[in-house]
Amino acid sequence: YTSGLTTLSFSDLQANEYRLTVLASITDLYSNSLNGGSDYMQTFTVIDTIAPTVASIAPAQSNGTYAPGTSSFQVAFSETVAGADDAANYELRAVGADGLLGTADDVFVTLTATYAGTTAILTFPGLNEGVYRFVVHSTITDLAGNAFDGDANGAAGGDWAQDFVVAAYRTTFTSPNGFAFDPVY
């Protein structure tokens, strides 16, 4: 408190309407009650404008590689989201016969999704050795309706994608997106 001014600070307020009430029982140094003896109330609204992102994936890769048999990913989002429990909002594909990801001959892996808190758990059949792409689609939103920022450019929109190798041996792969992998096992 300084010269009649008090600053209140709040952290981590979710998008919502809030009411601040300062009770009339508060008095100044001379025992004068606040606001003529009446509580002071102020309503304010917090608007969420921040797009959700992928915060982390577990298990973590080891040099761009997962072990054969990997059968689940835990996707941690930066905040509570809607749509994370819908498997259609994710994609897991294996490289096809042409050796390139993102082409018509890629093999899609069937996923199931569950969600709690800020984490989605995706399960799928154990992965065989090969090259894969995992995608979180931009159809996911936060509870305020902000679209997912998958490309992490600070603006809503864009899918999040991760290319990786499933291998139990040392080799070097390069994805069509220019990502180099040098797994060590």
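Each remark here, short or long, concerns the structure printed above.
The rules we used
Along each chain, residue indices are assigned from 1 in the same order as the chain's sequence is written. In view of the model being predicted, local features appear only for residues whose pLDDT reaches at least 70, and side-chain atom pairs are presented and counted only at 80 or more, with totals across whole chains, interfaces and linings using the full set of residues. Side-chain numbers here rest on the full set of heavy atoms in the structure, without hydrogens or water. Joining through side-chain atoms within 4.5 Å is the link that ties buried Ala, Val, Leu, Ile, Met, Phe, Trp, Tyr and Cys residues into a set, and such a set is a nonpolar core. Relative accessibility decides the category of a residue: with a 1.4 Å probe and only protein chains considered, values under 20% of the type maximum give buried, values over 50% give exposed, and everything between is partly exposed. Contact definition: two residues touch when any of their heavy atoms are within 4.5 Å. Here a salt bridge means any side-chain nitrogen of Lys or Arg lying within 4 Å of a carboxyl oxygen belonging to Asp or Glu. For helices the rule is a DSSP run of H or I covering at least 4 residues; for strands it is a run of E covering at least 2, with both sets numbered from the N terminus onward. Note that patches include only residues with greater than 30% relative accessible area and no salt bridge, and the join distances are 9 Å for like charges and 5 Å for nonpolar side chains (Val, Leu, Ile, Met, Phe, Trp, Tyr). For accessible areas, the Shrake-Rupley method is used with a probe of radius 1.4 Å. Any residue's cover is judged against the shown protein chains and nothing else. At least two bridges found by DSSP between two strands are what make those strands a pair. Here a polar contact is recorded for every N or O atom pair within 3.5 Å, except that within protein the pair must consist of a potential hydrogen donor and a potential acceptor, and residues adjacent in sequence are included only if both atoms are side-chain atoms. Ring pairs are drawn from Phe, Tyr and Trp, using the six-membered ring of Trp, whenever the two centres fall within 6.5 Å, and their geometry is named by plane angle: stacked under 30 degrees, edge-to-face over 60, tilted for the rest. The convention used is that axes are lines fitted to C-alpha atoms, helices contributing only their stretch in contact, and that angles between N-to-C directions extend from 0 to 180 degrees.

Caption draft 1: Representation of the nonpolar core in the model. Of all hydrophobic cores here, the largest spans 26 residues; its most connected members are Val75, Phe77, Tyr90, Leu92, Phe134, Val136 and Phe164. Sequence-distant contacts of Tyr90, defined by excluding residues within four places in its chain, comprise Phe77, Ala84, Leu111, Ala113, Ala120, Leu122, Phe134, Val135, Val136, His137 and Ile140.

Caption draft 2: Main features of the pattern of salt bridges. Enumeration over the complete set of coordinates arrives at three salt bridges. The residue Arg93 makes a salt bridge to Asp106 at a minimum N-O spacing of 2.7 Å. Linking Arg93 in strand β7 (residues 90-94) with Asp106 in the loop between β7 and β8 (107-108), this pair joins segments that are 13 residues apart in sequence. Taken as a pair, Arg93 and Asp106 share a single burial class, namely buried. The closest approach of N and O atoms between Arg133 and Asp163, which form a salt bridge, is 2.6 Å. Of this pair, Arg133 sits in strand β11 (residues 130-136) while Asp163 is found in strand β13 (residues 160-166), placing the two residues 30 residues apart along the sequence.

Caption draft 3: Broad picture of a nonpolar patch on the surface. Where nonpolar side chains cluster on the molecular surface, the patch consists of Leu8, Phe10 and Leu13 and spans about 280 Å² of accessible area. Inspection of the secondary structure assignment puts Leu13 in the segment before β1 (16-22). Of the residues examined, Leu13 reaches a relative accessible area of 32% and is grouped as partly exposed.

Caption draft 4: Region of the structure containing the sheet that holds β11. Here five strands make up an open sheet; going across it, the order is β4-β13-β11-β7-β8 and the pairing mixed. Two strands in the sheet have a free side with no partner beyond their single neighbour: β4 (65-66) and β8. Here β7 runs beside β11; their pairing, made up of five bridges, is antiparallel. Bridged to Ala94 within β11 is Tyr132.

Caption draft 5: Quick look at the side chain of Asn89. By the element assignment, Asn89 lies in the loop between β6 (81-82) and β7. A relative accessible area of 9% places Asn89 in the buried class. Among the polar contacts made by the side chain of Asn89, one reaches the main-chain carbonyl oxygen of Gly83 at a distance of 2.7 Å. Beyond its immediate stretch of four places on either side in the chain, Asn89 contacts Gly83, Val135, Val136, His137, Thr139 and Ile140.

Caption draft 6: Focus on the packing of aromatic side chains. If you walk through the whole model with that rule in mind, you get eleven aromatic pairs. Ring geometry for Tyr18 versus Phe44: centroids 5.8 Å apart, planes at 25 degrees, classification stacked. In this pair, Tyr18 is assigned in strand β1 and Phe44 in strand β2 (residues 40-46), connecting sequence segments 26 residues apart. Classification of Phe44 as partly exposed rests on a relative accessible area of 29%. With 5.0 Å between their ring centres and 55 degrees between their planes, Phe73 and Phe134 make a pair best called tilted. In this pair, Phe73 sits in strand β5 (residues 72-77) while Phe134 sits in strand β11, placing the two residues 61 residues apart along the sequence. Through a chain of ring-to-ring contacts, three or more aromatic side chains come together here, namely Tyr66, Phe73, Tyr90, Phe124, Tyr132, Phe134, Trp160 and Phe164.

Caption draft 7: Just the sheet that holds β5, in detail. Judged by pairing direction, the sheet is antiparallel, and its four strands sit side by side in the order β3-β5-β10-β9 without closing on themselves. Each of the sheet's edge strands pairs with one partner strand only, and the pair in question is β3 (54-58) and β9 (112-116). Mean inter-strand twist for the sheet, computed between neighbouring axes without regard to direction, equals 20 degrees. Note that β3 and β5 share four bridges and pair antiparallel.

Spatial relationships are all this shows, so hold off on functional conclusions.
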